[in-house]
Every structure is written in structure tokens, then in C-alpha cells.
Amino acid sequence: MGLTATGLGPADQTIVRIMGPEIVRILRNASAKIREGNNHSQVWFGDSSAPWIGQIRTKLNRMASVINLQSIDIHGSALNRRGRTFAAAQQPASGWRDNTANVDGVGFITRSQGQGFHIRLDLEWNTAPNYRVGTNYDSKFQILVHELSHLILDTEDEEYGSTKCRKLAVTNPARAKINADSWGYFVEEFR
């Protein structure tokens, strides 16, 4: 299970194969680090309160479990249909929802089964470095976490780019907490 590459070139297959387990490791590491007080929550979400940190820890650990236990297909879009975006998550079978939540006695692992998780890579994917370089916060690692947050946490695209995401954390923490780019940048801080 985990991230699987379908219809990608050899280089992208290798990137996906390496980053899948690394994302899981970083998610677990981030959960442990924020428990110790080493976190970037205030910067990316505008909140470092104990209740929010508890929610983040749960979401990070459960996100790692879903990635480990479910198949998530990463594929390229058709060349004639590639947009000038990095990637896009496709709507899961049961629609958009938080797949880390236990609802009506159904555990999050059971809720995430059979969802048909898919991420499509687009043209700009090819321009991103594998990991953050200097002040360039958009990386393939961050892009994958961003798209995984859509599928697993039901995040939205409130803002794009590190500068706008940091501003969003100050001006509207509630929106920052559901912003996919904020999750991607936050998780990569622990890499």
C-alpha cells in the first residue's frame, strides 16, 4: 500500500517510491516533535494552543496510517490536458471528507478504505525541486503533502505560496487550519 506511481516516467516513479515512506516518517516525526514543544504551528496555522496541538498530532499520526494502509495512486495527466499547476487530488469515492475522523463508531481506517485515492501530476510538477531549497518553499515533497491533505484531511485551497500562507495564519487562523499549502509547508518544516 502507500503511494504508487502509475504511468509515470522512471525518474518520477523513483521520486514517488522514495517520498512515500519518507512522508510517513516525517508525519510521525512531526507529531513527536510538536508534543515536545518544537513546532511551527503558530507560523502556518496561527495557533499553538494545547487543544490545537492535540488535534494536529492526531491528524498527523492518522494521516501517516492512512498513507501506510491505503493505496494512493500518483499518475500524470495526459500531455494535451496538463495545466500550469503542480498537481491535483481527485475526489475520493465517498466525496471530500476528513478521513482521519472516527464517525458514528466507524474508525478512520475503515472510513478511508475503498476511496480510490488519486493524485494527478501536472506540468509545473517538473519545475519543482524534490525538497525545499532556500526560500523556495514549493517542492515535490510539499506538493505531495498538499495533495494528500486534500484526500485525507479534506483541506481546501484557501491560499497558495508561503508568503500568503504565513499572512493567512495571522489574519485568519481558521482558514489557515484547512489550507492545503499551509499543511504542506508545515510538514516539510520537520524534514
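The rules behind the values
Residues numbered from 1 in each chain as written. Predicted model: local features only at pLDDT ≥ 70, side-chain atom pairs only at ≥ 80, totals over all residues. Heavy atoms only, no water. Phe/Tyr/Trp six-rings, centres within 6.5 Å; stacked < 30°, edge-to-face > 60°. Helix = DSSP H or I, 4+ residues; strand = E, 2+ residues; numbered from the N terminus. Core = buried A, V, L, I, M, F, W, Y, C linked by side-chain atoms within 4.5 Å. Buried < 20%, exposed > 50% of the residue type's maximum accessible area, 1.4 Å probe, protein only. Contact = heavy atoms within 4.5 Å. Pairing = 2+ DSSP bridges. Axes fitted to C-alpha atoms, helices over the stretch in contact; angles between N-to-C directions. Salt bridge = Lys/Arg side-chain N within 4 Å of Asp/Glu carboxyl O. pLDDT = per-residue confidence, 0-100.

Colleague: What is the right way to read the packing of aromatic side chains from this model?
Modeller: For any pair of aromatic rings, the description consists of the separation of the ring centres together with the inter-plane angle of the planes. A complete count under the given rule lists 8 aromatic pairs for this structure. Between F45 and W183, the ring centres sit 4.9 Å apart and the planes meet at 50°, which makes this aromatic pair tilted. A residue pair is termed long-range when its members are at least 10 positions apart, and F45 in helix 2 (residues 41-45) and W183 in helix 8 (residues 180-188) qualify at 138 residues. Centroid distance Y131 to F141: 6.0 Å. Interplanar angle 40°. Geometry classified as tilted.

Colleague: Would you mind going over the nonpolar core with me for this structure?
Modeller: Soluble globular proteins: nonpolar side chains tend toward being buried together. Counting residues in hydrophobic clusters, the biggest one holds 47 residues, and the most contacted among them are I23, I67 and I72. Elements that contribute at least two residues to this core include exactly helix 1 (10-35), helix 2, helix 3 (50-69), strand 2 (71-76), strand 3 (87-90), strand 4 (117-121), helix 5 (140-153) and helix 8. With 9 residues, the top contributor of residues to this core is helix 1. If near-sequence neighbours (up to four positions away) are discounted, I72 is found in contact with G2, L3, T4, I67, F117, I119, L148, L151 and I152.

Colleague: Help me understand the side chain of S162 in this model?
Modeller: With respect to the secondary-structure elements, S162 resides in helix 6 (residues 162-171). For S162, a relative accessible area of 15% corresponds to the buried category. Residues within four places of S162 in sequence aside, it is in contact with W44, Y137 and Y185.

Colleague: Looking at this model, I keep getting lost on the sheet that holds strand 3. Mind explaining?
Modeller: Strand pairing within a sheet occurs via backbone hydrogen bonds; the two strands may be parallel or antiparallel. Spatial strand order, 1-2-4-3: 4 strands in an open sheet with mixed pairing. Looking at strand neighbours, the two that pair on one side only are strand 1 (2-6) and strand 3, the edges of this open sheet. Averaged over all pairs of adjacent strands, the angle between strand axes in this sheet comes to 25°, irrespective of strand direction. Here strand 2 runs beside strand 4; their pairing, made up of 5 bridges, is parallel. Note that in strand 4 the partner of D73 across the bridge is H118. On the sheet, helix 1 packs against strand 1 and strand 2 and is oriented at approximately 170° with respect to strand 1. Across the face of the sheet, helix 5 comes into contact with strand 1, strand 2, strand 3 and strand 4 while running at roughly 20° to strand 3.

Colleague: What is the right way to look at the pattern of salt bridges in this model?
Modeller: All chains considered together, the criterion is met by 7 salt bridges. The salt bridge involving K177 is made with D47; its shortest N-O contact spans 2.7 Å. Here K177, found in the loop between helix 7 (173-176) and helix 8, pairs with D47, found in the loop between helix 2 and helix 3; they are 130 residues apart in sequence, far enough to count as distant. D47 sits in the buried class, given a relative accessible area of 14%.

Colleague: Explanation requested: the confidence of the model for the chain in the structure shown.
Modeller: Atom-level detail of predicted coordinates should not be read off regions where pLDDT is low. For the chain, per-residue confidence averages 91 on the pLDDT scale, and residues scoring 70 or more make up 96% of the total. Considering each helix and strand of the chain separately, the mean pLDDT is smallest for helix 4 (residues 108-112), with a value of 87, and largest for helix 7, with 98.

Colleague: Could you clarify how one ought to interpret the environment of T100 in this entry?
Modeller: One can find T100 in the loop between strand 3 and helix 4. Separated by 52 residues in the primary sequence, T100 and I152 place their C-alpha atoms 6.6 Å from one another. Filtering out sequence-adjacent residues up to four positions away, T100 remains in contact with K59, R62, M63, F108, I152 and L153.

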